[in-house]
Amino acid sequence: MLTLLGFCVIDFLWLSLALCFLLAFCVHRLSRYLPTECEHSKLYILFQDLIRYGKTKGPLKRDHWLHVFDIPKRWFWHFYAISVGWNGFLIVLSLNMIVWGQKFPSWLTDILGFLTTGGPVAVRQVPQVSALLVQVLLWVHSLRRLLECHLVSVFSDGVIHIVQYIFGLAYYILLGLTVLCSDSLIIEGGSPAFPLLSQLRWYYVAGAVLFSWASLLQHRSLVLLARLRTGGSGTVETLAHRVPSGGWFELVSCPHYLAELLIYVSLGIVSGSHALTWWLVVLYVLFNQALAAQLCHEFYTSKFQSYPQHRKAFLPYLL
């Protein structure tokens, strides 16, 4: 049925994730109108525990048993380490297929077949230049974030839920597979359909430029956040939360989340307008980052009475 509608398994997965986070965002926004007794219900607290992490978990009054599922937020670097290793491995396999005509391992072909058709496929998917570029840019993004976790960010004692941790690990594995699934070039055999240079398009450059700018925006935003806790020498002075300022923080509370969305949009541009699968990923990132930004924005506005009123949470002048 999904195939008839133009959807495959991987599309359904990303659409489901996007709708789940959209629902979570809407439920959270509407929760402010709930009676006080509902806010203290176990179901409501469990819901909030699953969508919050880091500083936004602080105001949540949780039962003691829920702390058993806490994982240090500084373990975020595990996600990017997995991504660098896994997506680097997929890049090597793609290059072997494009340059040398070597086939993907049978186990990878079976996984891609299931995600795209729900079963085995009789044809071989050969990555185009667009798919390879998306793979490389995704790898670069993951490597930068991994280095920033170790060299830039100053983590407090904030925590994430173990469900969020497991989801984060699986997310980057699924993301690498999604790049291959969203590639539209399917031919028999194991050699490129036409010379690589003839596949170059103007929107590859546009996507790469947006990727570079959004990456720089995210890096500068993370540096500004880190400086709130470090002195002029770079040593950590405090782990307390302070009001961020400068750069795009003058417009939104979470420019690093906005930059994350723009990075995925840039990858969608590189992949081409035909890649429905990747734009479903972008839709998921939009709702996911919007929820995280809204929670951060509420934390800042509740903790700091002098917090700038004109700042939005995520999208300048809109949200």
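Residues numbered from 1 in each chain as written. Predicted model: local features only at pLDDT ≥ 70, side-chain atom pairs only at ≥ 80, totals over all residues. Heavy atoms only, no water.

S.K.: Describe the pattern of salt bridges, with residues and values.
M.R.: Overall, the coordinates contain seven salt bridges when judged by the stated rule. For the salt bridge of Arg311 with Glu250, the shortest nitrogen-to-oxygen distance reads 3.9 Å. Note that Arg311 is positioned in the segment after α10 (276–303) and Glu250 in the loop between α8 (202–227) and α9 (255–271), a separation of 61 residues in sequence. Judged by relative accessible area, which is 4%, Arg311 ranks as buried. A single salt-bridge network, built from bridges that share partners, covers Asp49, Lys57, Arg62 and Asp70. (Salt bridge = Lys/Arg side-chain N within 4 Å of Asp/Glu carboxyl O. Helix = DSSP H or I, 4+ residues; strand = E, 2+ residues; numbered from the N terminus. Buried < 20%, exposed > 50% of the residue type's maximum accessible area, 1.4 Å probe, protein only.)

S.K.: Which residues make up unusual backbone geometry, and what values do they have?
M.R.: Although it is not a glycine, Tyr317 adopts a positive phi angle of roughly 70 degrees. Structurally, Tyr317 is set in the segment after α10.

S.K.: For the packing of aromatic side chains, give the residues involved together with the corresponding values.
M.R.: Centre distance and the angle of the planes are the two values used to describe a pair of aromatic rings. Scanning the entire structure with this criterion turns up 22 aromatic pairs. Aromatic pair Tyr53 and Phe76: ring centres 5.7 Å apart, planes at 50 degrees, arrangement tilted. With a gap of 23 residues between them, Tyr53 in the loop between α3 (42–51) and β1 (70–72) and Phe76 in helix α4 (residues 76–100) connect regions that are remote in the sequence. The exposure class of Phe76 is buried, given its relative accessible area of 15%. Ring geometry for Tyr264 and Trp278: centres 6.0 Å apart, planes at 15 degrees, overall stacked. With Tyr264 in helix α9 and Trp278 in helix α10, this pair connects stretches of sequence that are 14 residues apart. Each member of the pair, Tyr264 as well as Trp278, carries the same accessibility label: buried. Of the aromatic side chains, those joined through ring pairs into one cluster are Trp14, Phe21, Tyr80, Phe167, Tyr171, Tyr172 and Tyr284. If you follow Lys73 out to its NZ or CZ, it ends over the ring of Phe76, 5.9 Å from the centre. Seen from the ring of Phe304, Lys303 lies directly overhead, with NZ or CZ sitting 5.8 Å from the centre. (Phe/Tyr/Trp six-rings, centres within 6.5 Å; stacked < 30°, edge-to-face > 60°. Lys NZ or Arg CZ within 6 Å of the ring centre and 35° of its normal.)

So yeah, pure geometry; function would need other evidence.
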